[in-house]
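# A closer look at the structure
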Amino acid sequence: MLALLSSAVWAERADRERQMVVEADRPGSVDLQRQVVEFNGNVVITQGTMVIRADRVELRETQAGYRAATAIGTPSHQASYRQKRDGVDEFVEGVADRIEYDGRADTLRFVGNGSVRRLRGAIVADEITGSQIVWDASAETFNVAGGETTPANPSGRVRAVLSPRSDAAAPASAPASAAPLAPARTLGSKR
């Protein structure tokens, strides 16, 4: 899981300062007293580079100002998430039966037949699949769990497909003028 788990997965920082726009095909409700927004029918939420699509979305805001959301797909069309990574030409996108966002913990949970991919430009760099995938943006990690067998995953196992690091991320090699290291001929010898 090296490339996917250790790579910085920070979302585009500027997105947090942008307006959130929620659109849906059917009437929704906004409860200002409880700070709950519910929308149904081809729901699309955008905030900067972030896009969430689902059949049903419930968005809550806590007294402390943190947001929590649940996006639920249908049997024929899973909920989806896509967002640009900060400072690089990469996107993280994922699908699952249900996607849960916790703004306070800064986590995104893909529940039920989940799949998360990291794209370099338009090329899939890494992909992880499982019953439940948790993206912890603060710790810069993905955790994945297996689960029930499904037609898409008959063994119920987790799976990760990881690409080699890009040339830009590879460590710099030593300068050509540096003298090569030579092993000591005796133990404890002075150089």
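Note that this is a predicted model, so its numbers are computed, not measured.

## Some words on the nonpolar core
The biggest cluster of nonpolar side chains holds 24 residues, and the ones touching the most others in it are A71, Y81, I99, F110, V116 and W135. When residues of this core are traced back to their parent elements, those giving at least two are strand 3 (36-47), strand 4 (50-61), strand 5 (67-72), strand 6 (79-84), strand 7 (90-96), strand 9 (107-120) and strand 10 (123-136). With five residues, strand 4 is the largest single contributor of residues to this core. What F110 contacts, discounting residues up to four positions off in sequence, is Y81, G94, V95, A96, R98, I99, V116, S131, Q132 and I133.

## Some details on unusual backbone geometry
Located in the positive-phi region is Q35, a residue other than glycine, with phi close to 60°. Position of Q35 relative to the elements: it lies in the loop between strand 2 (29-31) and strand 3. Judged by its relative accessible area of 35%, Q35 falls in the partly exposed class. With a phi close to 60°, D106 is a non-glycine residue in the positive phi region. For D106, the location among the structural elements is in the loop between strand 8 (98-102) and strand 9.

## A few points about empty space enclosed by the protein
If you walk through the whole model with that rule in mind, you get one cavity of 30 Å³ or more. Roughly 50 Å³ of volume is contained in the largest cavity. If you trace the largest cavity, you find it lined by I45, I52, V57, A69, T70, A71, I99, E100 and Y101. At the level of secondary structure, the elements contributing two or more residues to the lining of the largest cavity comprise strand 4, strand 5 and strand 8. By residue class, the composition of the lining of the largest cavity is seven nonpolar, one polar and one charged.

## Quick notes on the confidence of the model for the protein
Overall, the predicted model of the protein reaches an average pLDDT of 80, with 78% of residues at or above 70. When pLDDT is averaged over each element of the protein, strand 8 comes out on top at 95 and helix 1 (residues 2-6) at the bottom at 29. Here residues 1-10 scores under 50 on pLDDT; set against residues more than four positions off or in separate chains, the count is 34 contacts.

## Considerations on the packing of aromatic side chains
Taken as a whole and assessed by the stated rule, the structure comprises three aromatic pairs. Aromatic ring contacts, followed pair by pair, group Y81, F110, W135 and F142 into a single cluster. The residue whose ring lies beneath R82 is F91, and the NZ or CZ to ring-centre distance is 4.0 Å.

## Topic: the environment of A64
Within the secondary structure, A64 sits in the loop between strand 4 and strand 5. Each C-alpha atom of the pair A64 and R104 lies 9.1 Å from the other, and the pair is 40 residues apart in sequence.

## Comments concerning the pattern of salt bridges
Applying the stated criterion across every chain yields a total of 13 salt bridges. Taking the shortest distance from any N to any O, the salt bridge between R118 and E90 comes out at 3.0 Å. Placement of the pair is R118 in strand 9 and E90 in strand 7, with a sequence separation of 28 residues. You'll find R118 and E90 in the same group, each marked buried. The closest approach of N and O atoms between R118 and D126, which form a salt bridge, is 2.3 Å. Through salt bridges that share partners, R85, E90, R118, R120 and D126 make up one connected network.

Rules behind the numbers
- Residues numbered from 1 in each chain as written.
- Predicted model: local features only at pLDDT ≥ 70, side-chain atom pairs only at ≥ 80, totals over all residues.
- Heavy atoms only, no water.
- Core = buried A, V, L, I, M, F, W, Y, C linked by side-chain atoms within 4.5 Å.
- Buried < 20%, exposed > 50% of the residue type's maximum accessible area, 1.4 Å probe, protein only.
- Helix = DSSP H or I, 4+ residues; strand = E, 2+ residues; numbered from the N terminus.
- Contact = heavy atoms within 4.5 Å.
- 1 Å grid on protein atoms, 1.4 Å probe; cavity = no way out; pocket = protein on both sides within 12 Å on 5 of 7 lines; lining within 4 Å.
- Points joined across faces, edges and corners; volume = space filled by probe spheres on them.
- Nonpolar A, V, L, I, M, F, W, Y, C, P; charged D, E, K, R; others polar.
- pLDDT = per-residue confidence, 0-100.
- Phe/Tyr/Trp six-rings, centres within 6.5 Å; stacked < 30°, edge-to-face > 60°.
- Lys NZ or Arg CZ within 6 Å of the ring centre and 35° of its normal.
- Salt bridge = Lys/Arg side-chain N within 4 Å of Asp/Glu carboxyl O.

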